[in-house]
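Commentary on secondary and tertiary structure
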Amino acid sequence: MANEKTTIDEWAVKDLEDGSSLRITVLGCTELGNEGQPGIQVYYMGNIINYEPLIVERWAYQASKTGQSEYLLENYSWLAHEDQYIKNSLILGSPLKARVEVKTRSSKPVVKEYELPFEV
C-alpha cells in the first residue's frame, strides 16, 4: 500500500514588520518511518518533521529522563531569534500530541496541537 497524505491543517502567521509570513502545513500520513506506521508530518520553511512511532518513542524517553511533559525539539525548530521563531514540541500523555508554536516580530505566539495517531 502506498503512503497516502491528507492535509490536516495549513496556516500562516504574518509579520507586519516586513509583510512576510511563517507558513505551517500539517499532513496525516498512512505510512511513516521504518515500520510504515501512520503518523503526521509538519512542514515549515522547507523543513519536514516526521512524527512516527520510532522517533517519537525516543523523544518520549528523552523527555521522561528530564521529567518534562513537553519536549522541545530544538534540532527540528527554528530558534534563530528571540522575537520570531517556530518551536516544534512533543506533548506527552494520552493521546500524544505534536505542538507547533509560531511567533513573528509583530504577533503574539500562535500555538496549535495535533493528536498523533499512535501511542508509544
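These numbers come from a predicted model, not from an experiment.

What counts, and where the lines are drawn
- Residues numbered from 1 in each chain as written.
- Predicted model: local features only at pLDDT ≥ 70, side-chain atom pairs only at ≥ 80, totals over all residues.
- Heavy atoms only, no water.
- Helix = DSSP H or I, 4+ residues; strand = E, 2+ residues; numbered from the N terminus.
- Buried < 20%, exposed > 50% of the residue type's maximum accessible area, 1.4 Å probe, protein only.
- Phe/Tyr/Trp six-rings, centres within 6.5 Å; stacked < 30°, edge-to-face > 60°.
- Lys NZ or Arg CZ within 6 Å of the ring centre and 35° of its normal.
- Expected span 1.5 Å × (residues − 1).
- Arc of directions from axis to C-beta.
- Pairing = 2+ DSSP bridges.

1. Observations regarding unusual backbone geometry
Here the bond from Ser 94 into Pro 95 is cis, since omega is 5°, no more than 30 degrees from zero. Residue position: Pro 95 is located in the loop between β6 (85–91) and β7 (97–103). Positive phi outside glycine occurs at Met 45, with the angle close to 45°. Residue placement: Met 45 occurs in the loop between β3 (37–44) and β4 (47–51). Classification of Met 45 by relative accessible area gives partly exposed; the value is 43%.

2. What about the packing of aromatic side chains?
Scanning all chains against the criterion turns up 2 aromatic pairs. Ring geometry for Tyr 51 versus Trp 59: centroids 5.6 Å apart, planes at 75°, classification edge-to-face. On the accessibility criterion, Tyr 51 (0% relative accessible area) is buried. In this structure Trp 59 comes out as buried when scored by relative accessible area, which is 5%. Every member of this aromatic cluster is reached through a ring pair, and the members are Tyr 51, Trp 59 and Tyr 76. Over the ring of Tyr 85 we find Lys 87; its NZ or CZ atom is 4.5 Å from the centre of that ring.

3. A closer look at helix α1 (residues 53–65)
In an α-helix, one turn spans 3.6 residues, which is why side chains three or four residues apart end up on the same side. The terminal C-alpha atoms of α1, which comprises 13 residues, lie 18 Å apart, in line with the 18 Å expected from a rise of 1.5 Å per residue. All buried positions along α1 are accounted for by Pro 53, Ile 55, Val 56, Trp 59, Ala 60 and Ala 63. The arc enclosing the buried residues of α1, seen along the axis, measures out at 160°, which places them on a common side. Exposed and oriented more than 90 degrees from the buried face of α1 are Arg 58, Tyr 61 and Lys 65.

4. What to know about the pairing of β7
Burial of β7 is extensive: 6 of the 7 residues sit out of reach of the surface. Note: β6 against β7, 7 bridges, orientation antiparallel. Opposite Tyr 85, over in β7, you have Lys 103 as the bridge partner. Linking β6 to β7, which pair antiparallel, is a turn of 5 residues; within it Gly 93 sits at a positive phi near 130°. In this structure, β7 lies alongside strand β8 (residues 110–115), joined through 6 bridges in antiparallel fashion. Of the residues in β8, the one forming a bridge with Val 100 is Lys 112.

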